[in-house]
Amino acid sequence: MSKKALITGITGQDGSYLAEQLLSKGYEVHGIIRRASTFNTKRIDHLYKDPHNPSTKFFLHYGDLSDSSSLTQILKKVEPDEVYNLGAQSQVRTSFDIPEYTGDITGLGTTRLLEAIRRSNKDIRFYQASSSEMFGKAAETPQKETTPFHPRSPYGCAKAYSYYITINYRESYGMFASNGILFNHESPRRGETFVTRKITRGIARILAGKDKFIYLGNMDAKRDWGFAEDYTNAMYLILQSKEPDDFVIATGETHSVREFVEEAFSLVGLNWGEHIKIDPQYLRPSEVDVLVGDYSKAKRILGWEPKVKFKELVKMMVESDIREEGVSFELKR
């Protein structure tokens, strides 16, 4: 009998890649989605509409991380072997505007899910999507599993709570509950409000003649950017490990937003200085200056390491957005 996996946040970038990977491994995959007045399943529509794979076992259920009863009912119905908690209010800048909501969904939502698992079946393996934003004003570089947290946003604080409550359930109840501390990871499926996708989509719209400028915040912020599909593979490996544990997932390289802009614009032969404007609304009240991860533990225990490098990632995203915009254009390199 095939394993069953339940994914929160399945309509997001990570959820869609993870669902594809688990289906390819023979899993029966279930996802939790929120009821909304508009459809938001674009990233996963192909999974249950694939005419070439009629036997695909892919199912969606309405629920919400703010609603314990829906989580309990779904767990009872699905009886999963593995649960991947990828659902969250995931916008760092937005978390300053809606801190209470961020804490409820990104923080307490994890508790609701863990408690529902504890009450239904403690043998379920649980993955918590933790974030490099927990390090915030980092005490050391690069950051590893033992680096102290100093979050600089309501989002980072909520993720730190989720990290520790996952460990608490592991130690208190003997549950297989693990954290993946994922550094920034991007792809053509990245949400359009995240800075990397804002840049690549903005370039495509400039080439199409629809826009002239891209509005950004802090150009000097440095991040460790990897490819989302590499990182969702790490999630899977974390739950296949012999023992529950916590792992940093990163590339070990850091690049500034400015470097991302320079690389992306160089691919299309445009002068970025003529198209980038700084908008104060995108500046955070407290900034995280530099994040870069040490993934040596994941490499040693899980055999995981990133495959896609920075320049390849930028090119992949620029190409995808140009294609989606319907622009006929050949990259410079």
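For the structure, check the block above.
Definitions and cut-offs
Residues numbered from 1 in each chain as written. Predicted model: local features only at pLDDT ≥ 70, side-chain atom pairs only at ≥ 80, totals over all residues. Heavy atoms only, no water. Helix = DSSP H or I, 4+ residues; strand = E, 2+ residues; numbered from the N terminus. Rg over C-alpha atoms; globule rule 2.2 N^0.38 Å. Buried < 20%, exposed > 50% of the residue type's maximum accessible area, 1.4 Å probe, protein only. Pairing = 2+ DSSP bridges. Phe/Tyr/Trp six-rings, centres within 6.5 Å; stacked < 30°, edge-to-face > 60°. Lys NZ or Arg CZ within 6 Å of the ring centre and 35° of its normal.

Q: Just checking my understanding: could you explain the overall build of the chain for this structure?
A: Helix and strand content of the chain: 10 helices and 13 strands. What you see for the chain is a C-alpha radius of gyration of 20 Å, in line with the 20 Å of a compact globule of 333 residues. If one aligns the C-alpha atoms of the chain with their principal axes, the spans along those axes are about 60 × 50 × 40 Å. The buried share of the chain, reckoned over its 333 residues, is 53%.

Q: Looking at this model, I keep getting lost on the pairing of strand β5 (residues 125–131). Mind explaining?
A: In summary, the side chains of a regular strand alternate between the two faces of the sheet. Among the seven residues of β5, six are classified as buried, and the element is accordingly described as predominantly covered. One ladder, built from four bridges, connects strand β4 (residues 82–85) with β5; its direction is parallel. Bridge pairing links E82 to R125 in β5. Pairing between β5 and strand β6 (residues 177–182): six bridges, direction parallel. Bridge assignment links A129 to a residue of β6, and that residue is G180.

Q: So what exactly am I meant to see when it comes to unusual backbone geometry here?
A: As a rule of thumb, non-glycine residues mostly have phi less than zero, and peptide bonds are mostly trans rather than cis. Of the consecutive residues T141 and P142, the connecting peptide bond is found in the cis state with omega at 0°. Here P142 is to be found in the loop between β5 and α5 (154–173). Even without being a glycine, E79 presents a positive backbone phi close to 55°. Within the secondary structure, E79 sits in the loop between α2 (68–78) and β4. Its relative accessible area of 57% is what places E79 among the exposed residues.

Q: Could you clarify how one ought to interpret the packing of aromatic side chains in this entry?
A: Pairs of aromatic rings are described using the distance from one ring centre to the other and the angle between the two planes. Counted by the stated rule, this structure contains 15 aromatic pairs. Relative to Y236, the ring of Y27 lies with its centre 6.2 Å away and its plane at 80°, an arrangement referred to as edge-to-face. In this pair, Y27 sits in the loop between α1 (13–24) and β2 (28–33) while Y236 sits in helix α7 (residues 228–240), placing the two residues 209 residues apart along the sequence. Note on accessibility: Y27 and Y236 belong to one class, buried. Sitting above the plane of the Y62 ring, R35 keeps its charged end 3.7 Å from the centroid.

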